[in-house]
Amino acid sequence: MEIINGGVCAAKGFKANGIHCGIRKNKTKRDLSIIASDTVANVAAVYTTNLVKGAPLLVTKENISNGKAQAIICNSGNANTCNSNGVLIAQQTCEHLANYLKIEKDDVVVASTGVIGQPLDITPIKNGIPALVDGMGYDNSTAAAEGIMTTDTKLKQVAVSFEIGGKVCKIGGIAKGSGMIHPNMATMLVFITTDCAISSEMLAKALSTDIQTTFNMVSVDGDTSTNDMVVVLANGKAENKEITAEGQEFETFMKALNTVCVNLCRKIAADGEGATKMLECKTTGAKTLEIAKTVAKSVVCSALTKAAMFGADANWGRVLCAIGYSGANVDVTKIDVSFRSQKGEILVCQNGAGVDFSEEKAKEILLESEIEILVNLNDGEFFSTAWGCDLTYDYVKINGDYRT
């Protein structure tokens, strides 16, 4: 397993692009992106659990019900959610792209991100598709990643290579996500491509399994978006024998997928709106996996813990408090808590009670940009990791005038 360059264009047979078509007022911001396979690919996707869903999700779910897709188109600047004609706009987007690419409209995944409840005009999308398609390239992942950004301040893309059946396979992804990050199945918008040959059924199994310990474990602000979607395309260009059942080759694919997803999770958490620090809570010693996950997620979701991390305040009581109200069945008299960063590690709580520690050393550790919150429940063998960020003044500033 090796981290490589290329993002969604690392795998064979995938092109991408991103342009400014006119949805966003700022002409320096790309607002329309495409990812396309040279051939029809197997596809799997997961969607937000929010009852309010963006129209593109409804159209995409219908389009890929047969497990096939060839292109992804996504606009930023407008979520196309809660619009009376939202489904029609999403359908028209698929039709215009399909006509220009000369593919079936049902082979198009459509996505949108941005402001909710604002009308979306099809005109800039329709007029922008020729330039979008004509500018596609096999090394243009960055442009596509830029085109799906909203309040993101950093690009989020990664790729890895791995071997299956003597064939070198590649998998890569791009993501957007900075605010409204608190999913129950997926998160934000994540588009992943691979040239590994794997059936749509096994692709769906891999994705639905992986998100339980990756995208389900990210939280920035406790808000689950209406447009969250994770999509994986597999075109089989690596020419390995198609994975159609569980086994060693499926496990290898799962490891590669997980490497990409964990990397994107960390990037999303680190780029939370207004964030200055990425938080990673590692829970060990749990009686069950569900307890480990519940505890880790509760800690990174705690507004008080997030605020303490912003202030580099080793207020471990807030961590214990978050564990206490998580609903997890734990013995609080066994819990140990430590903080760790590049500056070292410090134990602040043992057996559910405070211990003497250097406040100066703790602050030095917590001033770093990546902080690990280590929780040992000392009650079993299960473990889990969750990702989040600190809570800063800028988060309120960004969201105080997000629409206007």
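About the criteria used
- Residues numbered from 1 in each chain as written.
- Predicted model: local features only at pLDDT ≥ 70, side-chain atom pairs only at ≥ 80, totals over all residues.
- Heavy atoms only, no water.
- Helix = DSSP H or I, 4+ residues; strand = E, 2+ residues; numbered from the N terminus.
- Rg over C-alpha atoms; globule rule 2.2 N^0.38 Å.
- Buried < 20%, exposed > 50% of the residue type's maximum accessible area, 1.4 Å probe, protein only.
- Contact = heavy atoms within 4.5 Å.
- Areas by Shrake-Rupley, 256 points an atom, 1.4 Å probe, with all protein chains shown as cover.
- Lys, Arg positive; Asp, Glu negative; His and termini not counted.
- Charge placed at Lys NZ, Arg CZ, Asp CG, Glu CD.
- Axes fitted to C-alpha atoms, helices over the stretch in contact; angles between N-to-C directions.
- Parallel < 35°, antiparallel > 145°, perpendicular 65-115°, else oblique.
- Left-handed = near helix turned anticlockwise from the far one by under 90°.
- Nonpolar A, V, L, I, M, F, W, Y, C, P; charged D, E, K, R; others polar.
- Salt bridge = Lys/Arg side-chain N within 4 Å of Asp/Glu carboxyl O.
- Polar contact = N/O pair within 3.5 Å; in protein donor to acceptor, adjacent residues only side chain to side chain.
- Core = buried A, V, L, I, M, F, W, Y, C linked by side-chain atoms within 4.5 Å.
- Phe/Tyr/Trp six-rings, centres within 6.5 Å; stacked < 30°, edge-to-face > 60°.
- Expected span 1.5 Å × (residues − 1).
- Pairing = 2+ DSSP bridges.

This brings us to the overall build of the protein. If you tally the helices and strands in the protein, you get eleven helices and 15 strands. By the compact-globule yardstick of 22 Å for 404 residues, the protein fits well, its C-alpha radius of gyration being 22 Å. Taking the principal axes of the C-alpha coordinates as reference, the protein spans close to 70 × 55 × 35 Å. Across the 404 residues of the protein, 56% fall into the buried class. Of the contacts formed within the protein by residues at least 6 apart in sequence, a portion of 81% connects residues at least 24 apart. Surface summary for the protein: the accessible area is close to 16500 Å², and the carbon and sulfur share equals 49%. If the 38 positive side-chain charges of the protein are averaged to one point and the 45 negative ones to another, these points end up 4 Å apart.

Another aspect to go through is the packing of helix 2 (residues 86–101) against helix 3 (residues 122–134). Axis separation between helix 2 and helix 3 bottoms out at 10 Å; the angle between their running directions is 30 degrees. Taken together, the axes of helix 2 and helix 3 are roughly parallel relative to one another. As for how helix 2 packs across helix 3, the hand of that crossing is right-handed. Counting all contacts with helix 2, which are made through Ile89, Gln92, Thr93, His96, Leu97, Tyr100 and Leu101, the residues of helix 3 involved are Ile122, Ile125, Lys126, Ile129, Pro130, Val133 and Asp134. Among the residues forming the contact of helix 2 with helix 3, the class breakdown is nine nonpolar, three polar and two charged.

Another point: the side chain of Asp210. Looking at the secondary structure, you find Asp210 in helix 5 (residues 200–210). Buried charge Asp210 goes without a salt bridge, the closest partner of opposite sign being Lys293 at 11 Å. The contact partners of Asp210, leaving out residues within four places of it in the chain, are Met254, Leu257, Asn258 and Cys261.

Here the focus is the environment of Ser200. Inspection of the secondary structure puts Ser200 in helix 5. Apart from residues no more than four positions distant in its own chain, Ser200 is found in contact with Asn42, Val43 and Gly67. One polar contact links Ser200 to Glu201, side chain to side chain, over a distance of 3.5 Å.

With that settled, consider the nonpolar core. Note on soluble globular proteins: their nonpolar side chains tend to be buried together. Within the largest apolar cluster, 73 residues are counted, with the highest numbers of intra-cluster contacts made by Phe162, Ile171, Phe215, Phe253, Ile323, Phe339 and Val375. Of all the elements, helix 6 (residues 248–270) adds the most residues to this core, at eleven residues. Those residues in contact with Phe162, other than ones at most four positions away along the chain, are Met1, Lys167, Val168, Cys169, Lys170, Ile171, Thr194, Cys196, Thr252, Phe253 and Ala256. The next biggest cluster of nonpolar side chains, apart from the first, holds 25 residues, and it includes Ala11, Ile64, Ala69 and Val231.

All right, on to the packing of aromatic side chains then. Applying the stated criterion to the full structure yields two aromatic pairs. On the basis of an interplanar angle of 90 degrees and a centroid distance of 5.3 Å, the ring pair of Phe310 and Tyr393 is categorised as edge-to-face. With Phe310 in helix 8 (residues 303–310) and Tyr393 in helix 11 (residues 393–400), this pair connects stretches of sequence that are 83 residues apart. For Phe310, a relative accessible area of 27% puts it in the partly exposed group. For Tyr393, a relative accessible area of 63% corresponds to the exposed category.

In a regular helix each residue adds 1.5 Å, so 16 residues correspond to 22 Å; helix 2 covers 23 Å between its end C-alpha atoms and thus fits that length. Inspection of helix 2 places Gly86, Ile89, Ala90, Thr93, Cys94, Leu97 and Ala98 among the buried residues, and these make up the whole buried set. Buried residues along helix 2 sit in contact with strand 3 (32–47), helix 1 (55–63), strand 4 (68–78), strand 5 (108–115) and helix 3. Positioned one or two residues after helix 2, Lys102 has a phi angle of 60 degrees, which is positive.

Our focus in this paragraph is the pattern of salt bridges. When the charged atoms of two side chains lie near each other, side chains of opposite charge can form a pair. Evaluation of the coordinates by the stated rule reveals 14 salt bridges. A salt bridge links Arg340 to Glu372, with the nearest nitrogen and oxygen atoms 3.0 Å apart. Residue Arg340 is located in strand 11 (residues 336–341), and its partner Glu372 is located in strand 14 (residues 370–376); the two are separated by 32 residues in the primary sequence. The class of Glu372 is buried, set by a relative accessible area of 16%. The structure contains a network of salt bridges with shared partners spanning Arg266, Glu280, Lys282, Arg340, Glu345, Glu370 and Glu372.

Another aspect to go through is the environment of Lys282. Mapped onto the secondary structure, Lys282 falls in strand 10 (residues 278–286). In this structure, the C-alpha to C-alpha distance between Lys282 and Val375, residues 93 residues apart in sequence, is 6.1 Å. Aside from chain neighbours lying at most four places away, what touches Lys282 is Arg340, Glu372, Ile373, Leu374, Val375, Ser384 and Thr385.

Our focus in this paragraph is the pairing of strand 11. Across the six residues that make up strand 11, a large majority, five, are buried. Pairing of strand 11 with strand 14, which is carried by five bridges, proceeds in the antiparallel orientation. What sits directly across from Arg340, in strand 14, is Glu372. Both strand 11 and strand 12 (residues 344–350) contribute to a ladder of five bridges, which runs antiparallel. Considered in strand 12, the bridge of Arg340 is made with Glu345.

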